[in-house]
Amino acid sequence: MSDTSGGLGLFADRAFQAVTALLVVDATVFLLQEHTGPLWPTPVNWLLMIAVIIPTLLLCRRVQDDPASSPVVRRYWRKVHSGISLFVLVAALRILHETGAGGWLLPASIVLHLVGGIALTRPLLGLPFSARSRAHKVAVWIDLGTLTSAAGWLIWHFAASAQFADGRVTVPRVLSALVIMGAGLNGVYLAAKVVLAGVDSFARRGLYWIGASALIGCLGSAISFLQPQQPQGNLLTLMLPFAAYAAAVGARMQVVDTAAGDRVRRPARGYSLMPYVAIAAVDAMVIYNDLSGRGNSTLIDGVAVTLTALVIIRQLIAFRQNAALLARIGVQENRFRLLVQNSTDMVTIAEPSGALTYVSPAAHGVLGTPPGDLIGTDITLRVHPDDRAAFARQIAAVVAAPGATATYQVRLRHADTSYRWLEVISANLTDEPSVGGIVSNARDITETREVQDRLSYEASHDILTGLANRALFNKRLAAAVTAAGPDRTVSIVLVDLDDFKTVNDTLGHAAGDDLLVHVAERMRASVRPADTVARLGGDEFAILFEDSAHVELDQVLTRIATALLEPTVIDGEPMTVRASFGLVDGRAGDNAGDLLRQADIAMYEAKARGAGGYERYRPGMEARGAERSRRAAALQTAILEDQLVVFYQPVVTLPDGRITGAEALVRWQHPTEGLLGPGAFIDTAEETGLIVPLGRWVLYAATREAATWPSGLTVSVNVSARQLRETGFPAVVADALRVSGLPAHRLTVEITESVAVGGGATHDNLYELRSMGVKLSLDDFGTGASTLTLLASCPVHQIKLDRSFVPGGGPDAIADAVAQMARAFGLQAVAEGIETADQAVRVTQLGYERAQGFHFARPMNAADFRTRLESPAATATPVTAG
C-alpha cells in the first residue's frame, strides 16, 4: 500500500512539473507573438494548449483514482476530468479549422467550448453551502448578491461596455455584452460558491483553485470570443492554458492534503469579507470616476448606494445573529455554571506545575475544604504517599501534549486527615485561551472502592476465620512451585481436626464456628508471617511453607499441636483440639494438584494411626488410600446387596439371668473375607457418611426381627451422631416400627454420651423419640462427658456402664457411683462386658438390674437367638458365685 501510494505521489509530482513548464512556454510564446508577430503557423499555438491540458488531465485522473479519497471527492474530480477533456477536442477542431478542413469547424468548436464550460460548471454548482440556519442562508445570499452586483458593474465597465464604445447599439453587440456579463458573473458566482462550500471531505485549497479556474475560464472565454480587437495570437490559447493550470494546481492540492490525512482545520470566521471587498471595489470606481471626470456618475453612484444598502442589511443581520449568539452563550454559560456548582463531581483547573487556579464548590463535599482555600495550592501535596509516583506519571503524560487525556484513580487527603478515593479524568487544555490549564473532573468512589476491596478480600479469604481460602491457597501454591528451585523448596501441610463433628453435634454449629476461629488464631500465631495458612473448608486447614529448606517443620507442627491442646473456653466449656497433619515437600516442576493430593493421603495416614499425629508423604501411601476407597465402595455395595447381617447379644436380668431382650450388633458377611466385625468397617462408614444408610438398614432389620420375638422382649439399636443430626430421623424410626409392627416401647435407641450433650436437631430428635414411646439408653457411660447435668437434662431411660469400669474381684468406686446415680435419677442401670461369674455377682450386689456379656451369651445370629428364646426358662447363665 505504501509503495503504491509513493509511486502515485511521484507521478503526480512529475505531471505537475510538466504542466508548469508547459504553461511557462505557452505564456512566453504568446507574449513574443504579441510583439514580434507569428512565430509559426497558428495550429502550433493550439498544440501548445493541448500540451498544457494533457498533464492536467493526468492529475485529475490521479485524484479520481485515489483510494484514500472519499467517493464524493472521486466522483467530483471524475466530472472535472470529463469537462477538461472536451477542451482537447475544442483545440483539435481549431487546428482542423486553421488548416482549412472546413468552415463549419469554428462554430462547432464554439459549441463544444460552451458544452465543456457547462460540464465544468455543474460539479461546482452541486457543492452545498456551508450555511445551516435560515438567517445564515439569507446572509449568504445577500453576500452573493452584493458580490455579483459589484462584479457585474466592473465587468460592464471594463469589458461589456466596450461593445458600445462608438455609440452604436445593435442586436449582435447587445448579445455580445450579455454573453460577457453572463460568463463573467457565472465565473464570479462559481468562485464565491467554492468559498462558501461546506464539504469537509474536499481539500479546501484545491476547491479555491478550481474556483479560480472557473473564473479564468469564464471571463477569458467571454473576452476572447467577444472582444472586437482580438490579439494576434488568439487570447484563448493563453486563457484556457491558465484555466487548465489552475485546475492542475487544485488537483495537486487535493492529492497532497489527502495524503497528509487529518489536518487541523482553521476555525471558520463568523463574518464574510466578500461584501466589503465588493463595496471597496465600487467605492474605488466612484473615486476613479470622480477624479477622471468620466461619465456614468449617476449609474456608478446608484450601484454604490445599492451595494451600500445591501451591506447595511447584511450587517443588521449579522448584528441580529450576534445578539442571538450572545444570548445562547449567556444561557449556556449560566447552565454550565449551575451544573458545575450543583454537581457532586469536583472540577479543577491547574497549571502544569500543579498549582490550582480554579476549584468548583463540590470540593467542600469531596475533600471537606472550602474551594477558596485550595486556590493556589499544589494538589500533589494532598496525594497519598503510595499514589504519588503513579499520579506523577499520569499528570506528566497529560502535560506532555495539548489535548492529551488520562483517566486514573488516586487517593486525596480529606480535611479530617482521612483519604478519599477519587476517579479522575484529566485533560490538557492549555492551548484553549478560555481555560489555559489542566482540567480535571474528580468523582468520589471511596464507597465503591471499599465494596470492591471487600468483595475482592471475600473472594480470596475465608469469611469466618479471615484465613486464605482454597482459591487463594491454590494460587499461592502454584506461584511457589513455579518459583522453587534446587535450593528452594516448598512444603504443604494439610490439617484435619479430629472429632470436630462431635463438637457441632454436641454444642451446636455456633460453638463449632468459635472453635474454628480459635484454631485459626493458634495456627497463624505458630508460623512465620510469610507462610500461608488457609481454611479449605469445614474443619480442614492447609499451611504453605515457601522456601521451607530452612524451616524445622517437625518443630513447627509440634508447636501447632501443642498450641491447639491448650484449653480454650467455648460456649462456657473448656475445650482442647487434636488435629492430624499430612506433610509433603515440593520442588520446581511438581504439579500443585498432585502435591495437595499427596498431602491429603499423608493426612489420612496420620488419622489412621490415631488422633493428634502427623505423617510425611512417602511413595506407596497411595496404595493404602486406594484401599480405603476400595473398602468404602465395597461397603456401599454390601448395603445395597444385603451382605450385612445382624447378630443379637442377650440382655438378662440380675440375678436370675432371664433374657429380657437383646442388643443388635451388625456384621458384614464379606464375599471373600468372610464374616467381619464392626471394627473392620464402622470407621470407614463414619468417614464416608455411609453410617446413615448402614444405621437405617440395621434399624429396619432389628425391628423386623424383634417383632417375631415373644411379647415383652426389647431390642436395642445403636444410633450414630450423624443419624441423630438428620432432621427426619424420628420419621425413619416411626416408619421402621410401622413396617415391622413392633411397639415403640420395645425399641431402645442407644446413644453415646458425646451425642447426648448435642443441641439443635439432635436434642429435638431425642425428645421426639421419647415422646413416641421409644426407650433411650446412654451407652458406654463414664467414658465421655459424664456429668450430673447430663443425667438431669438428657431424656434417657437407662445408663449402661462401660466394660472398662466393670469391677473385678473387689469393690469398685466408679461402678458403685454409677449405680447410685442411676437410682438417684430413677434410671435403669445396665452393666456391659460381664465375662465372669464374679463380675456378675459384684454388679448384682452394687444394684445393677440388667447385664450383658460373654458370661451370659456371645452375640448370635437371629436363628440361634430364636432357638435360645424357645428354651424352657429362656435364660442365659444364672448369676452364681464362682
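Note: the structure precedes this text.
### Quick look at the overall build of the protein chain
Across its full length, the protein chain holds 30 helices and 21 strands. Counted over contacts in the protein chain with a minimum sequence separation of 6, partners at least 24 positions apart contribute 65%.

### Remarks on the packing of helix 24 (residues 729–740) against helix 26 (residues 761–772)
Across the interface, helix 24 lies against helix 26 with an axial gap of 9 Å and an inter-helix angle of 25°. As the angle between them shows, helix 24 and helix 26 are arranged roughly parallel. Handedness of the helix 24/helix 26 crossing: right-handed. Contacts from Phe729, Pro730, Val733, Ala734 and Leu737 in helix 24 reach Asn765, Glu768, Leu769 and Met772 in helix 26.

### A closer look at helix 22 (residues 691–706)
For helix 22, which comprises 16 residues, the first-to-last C-alpha distance of 22 Å matches the rise-based estimate of 22 Å (1.5 Å per residue) to within 8%. For helix 22, the buried fraction is high: 13 of the 16 residues fall into the buried class.

### With respect to a positive patch on the surface
Judged by side-chain charge, Arg75, Arg78, Lys79 and Arg122 come together as a positively charged surface patch. Among the elements that make up the positive patch, the one with the highest residue count is helix 3 (residues 71–98) (3 residues). Along the chain, Arg122 falls in helix 4 (residues 105–125). Its relative accessible area of 63% is what places Arg122 among the exposed residues.

### Side note on the sheet that holds strand 8 (residues 540–546)
In spatial order, the strands read 7-8-6-11-12; together these 5 strands make up an open sheet with mixed pairing. Both edges of this open sheet fall to strand 7 (532–537) and strand 12 (614–616), since each of them pairs with a single strand only. Pairs of neighbouring strands in the sheet enclose a mean axial angle of 20°, with direction left out of account. Relative to strand 8, helix 15 (residues 470–483) is tilted by about 25°, and along the sheet it contacts strand 6 (490–497), strand 7 and strand 8. Where helix 18 (residues 553–565) meets the sheet, its contacts fall on strand 6, strand 8, strand 11 (579–586) and strand 12, and the angle it forms with strand 11 comes to roughly 160°.

### Thoughts on a negative patch on the surface
Taken together, the side chains of Asp513, Asp514, Asp571 and Glu573 make up a negatively charged region of the molecular surface. Tracing the chain through its elements places Asp513 in helix 17 (residues 509–525). Owing to a relative accessible area of 33%, Asp513 belongs among the partly exposed residues under this scheme.

### A word on the environment of Leu583
Looking at the element boundaries, Leu583 is found in strand 11. According to the relative accessible area criterion, Leu583 is buried, its value standing at 0%. Distance from Leu583 to Ala599, taken between C-alpha atoms, is 5.3 Å for residues 16 residues apart in sequence. The contacts of Leu583, once residues within four sequence positions are left out, are Ser491, Ile492, Val493, Leu553, Leu557, Ala602, Glu615, Arg616 and Tyr617.

### Some details on the pairing of strand 14 (residues 659–670)
Counting buried positions along strand 14 gives 11 out of 12 residues, so the element sits mostly inside the fold. Bridge count between strand 13 (residues 644–653) and strand 14: 9 bridges; the pairing is antiparallel. From the neighbouring strand, Phe647 faces strand 14, where its bridge partner is Leu665. Summarising the sheet, strand 14 and strand 16 (residues 714–718) pair through 4 bridges and their orientation is parallel. In the strand pairing of strand 16, Gly661 is matched with Thr714. Inspection of the sheet shows strand 14 paired to strand 15 (residues 674–676) by 3 bridges, in the antiparallel sense. The partner of His670 across the bridge, within strand 15, is Gly674. The antiparallel hairpin formed by strand 14 and strand 15 contains 3 residues in its connecting segment.

### Some details on the nonpolar core
Membership of the largest hydrophobic core comes to 74 residues, with the highest contact counts inside it found for Tyr648, Trp709, Val715, Leu747 and Tyr848. Looking at this core element by element, the count peaks at 10 residues for helix 22. Beyond its immediate stretch of four places on either side in the chain, Val715 contacts Tyr648, Ala662, Ala664, Ala702, Ala706, Trp709, Leu742, Arg746, Leu747 and Thr748. Ranked by size, the runner-up nonpolar core spans 39 residues in total, among them Leu23, Ile53, Leu105 and Ala251.

### Comments concerning the environment of Arg476
Residue placement: Arg476 occurs in helix 15. Judged by its relative accessible area of 35%, Arg476 falls in the partly exposed class. When the C-alpha positions of Arg476 and Leu544 are compared, they lie 8.3 Å apart, and in sequence the two are 68 residues distant. Residues within four places of Arg476 in sequence aside, it is in contact with Thr532 and Leu544.

### As for the sheet that holds strand 4 (residues 419–429)
Strand order in the open sheet formed by 5 strands is 2-1-5-4-3, with antiparallel pairing between adjacent strands. Pairing within the sheet leaves two strands with one partner each, and these edge strands are strand 2 (356–359) and strand 3 (405–413). On average, adjacent strands in this sheet sit at an angle of 25° to one another, irrespective of strand direction. Judged from the 3 bridges that link them, strand 1 (residues 346–350) and strand 2 form a sheet pairing that is antiparallel.

### As for the pattern of salt bridges
A complete count under the given rule lists 17 salt bridges for this structure. A salt bridge links Arg420 to Asp416, with the nearest nitrogen and oxygen atoms 3.9 Å apart. A residue is classified by how much of its surface remains accessible, and Arg420, at 21% relative accessible area, is partly exposed. Two residues, Glu705 and Arg866, come together in a salt bridge whose shortest N-O distance is 2.5 Å. Note that Glu705 is positioned in helix 22 and Arg866 in helix 30 (residues 862–869), a separation of 161 residues in sequence. Under the relative-accessibility criterion, Glu705 is labelled buried at 12%. Here the salt bridges share partners, and the residues they tie into one network are Glu663, Glu750, Lys800 and Glu832.

### Brief notes about helix 18
Along its 13 residues, helix 18 runs 18 Å from first to last C-alpha, staying within 8% of the 18 Å computed at 1.5 Å per residue. When we look at burial in helix 18, the residues that qualify are Leu553, Val556, Leu557, Ile560, Ala563 and Leu564. Taken end-on, helix 18 shows its buried residues confined to a sector of 125°, consistent with a single buried face. Elements in contact with the buried residues of helix 18: strand 6, helix 17, strand 8, strand 11 and strand 12.

### Quick look at the pairing of strand 19 (residues 798–801)
Both faces of strand 19 are covered, namely the face carrying Gln798 and Lys800 and the face carrying Ile799 and Leu801. Pairing of strand 18 (residues 775–781) with strand 19 involves 3 bridges; the strand directions are parallel. Its bridge partner being in strand 19, Ser777 is matched across the sheet by Gln798. Bridge count for strand 19 against strand 20 (residues 828–831) is 4 bridges, and the pairing is parallel.

### Concerning the packing of aromatic side chains
On inspection of all chains with the given rule, the structure shows 5 aromatic pairs. Ring geometry for Phe391 and Tyr408: centres 5.9 Å apart, planes at 70°, overall edge-to-face. Placement of the pair is Phe391 in helix 13 (residues 388–399) and Tyr408 in strand 3, with a sequence separation of 17 residues. Measuring from centroid to centroid gives 5.8 Å for Trp668 and Phe681, while their planes differ by 90°, and the two rings are edge-to-face. With a gap of 13 residues between them, Trp668 in strand 14 and Phe681 in the loop between strand 15 and helix 21 (682–688) connect regions that are remote in the sequence. For Trp668, a relative accessible area of 0% corresponds to the buried category. Each member of the aromatic cluster is reached from another via a ring pair, and the members are Tyr648, Trp709 and Phe865.

What counts, and where the lines are drawn
Residues numbered from 1 in each chain as written. Predicted model: local features only at pLDDT ≥ 70, side-chain atom pairs only at ≥ 80, totals over all residues. Heavy atoms only, no water. Helix = DSSP H or I, 4+ residues; strand = E, 2+ residues; numbered from the N terminus. Contact = heavy atoms within 4.5 Å. Axes fitted to C-alpha atoms, helices over the stretch in contact; angles between N-to-C directions. Parallel < 35°, antiparallel > 145°, perpendicular 65-115°, else oblique. Left-handed = near helix turned anticlockwise from the far one by under 90°. Expected span 1.5 Å × (residues − 1). Buried < 20%, exposed > 50% of the residue type's maximum accessible area, 1.4 Å probe, protein only. Patch = residues over 30% accessible without salt bridge, like charges linked within 9 Å, V, L, I, M, F, W, Y side chains within 5 Å. Areas by Shrake-Rupley, 256 points an atom, 1.4 Å probe, with all protein chains shown as cover. Salt bridge = Lys/Arg side-chain N within 4 Å of Asp/Glu carboxyl O. Lys, Arg positive; Asp, Glu negative; His and termini not counted. Charge placed at Lys NZ, Arg CZ, Asp CG, Glu CD. Pairing = 2+ DSSP bridges. Core = buried A, V, L, I, M, F, W, Y, C linked by side-chain atoms within 4.5 Å. Arc of directions from axis to C-beta. Phe/Tyr/Trp six-rings, centres within 6.5 Å; stacked < 30°, edge-to-face > 60°.

That is the geometry; function is a separate question.
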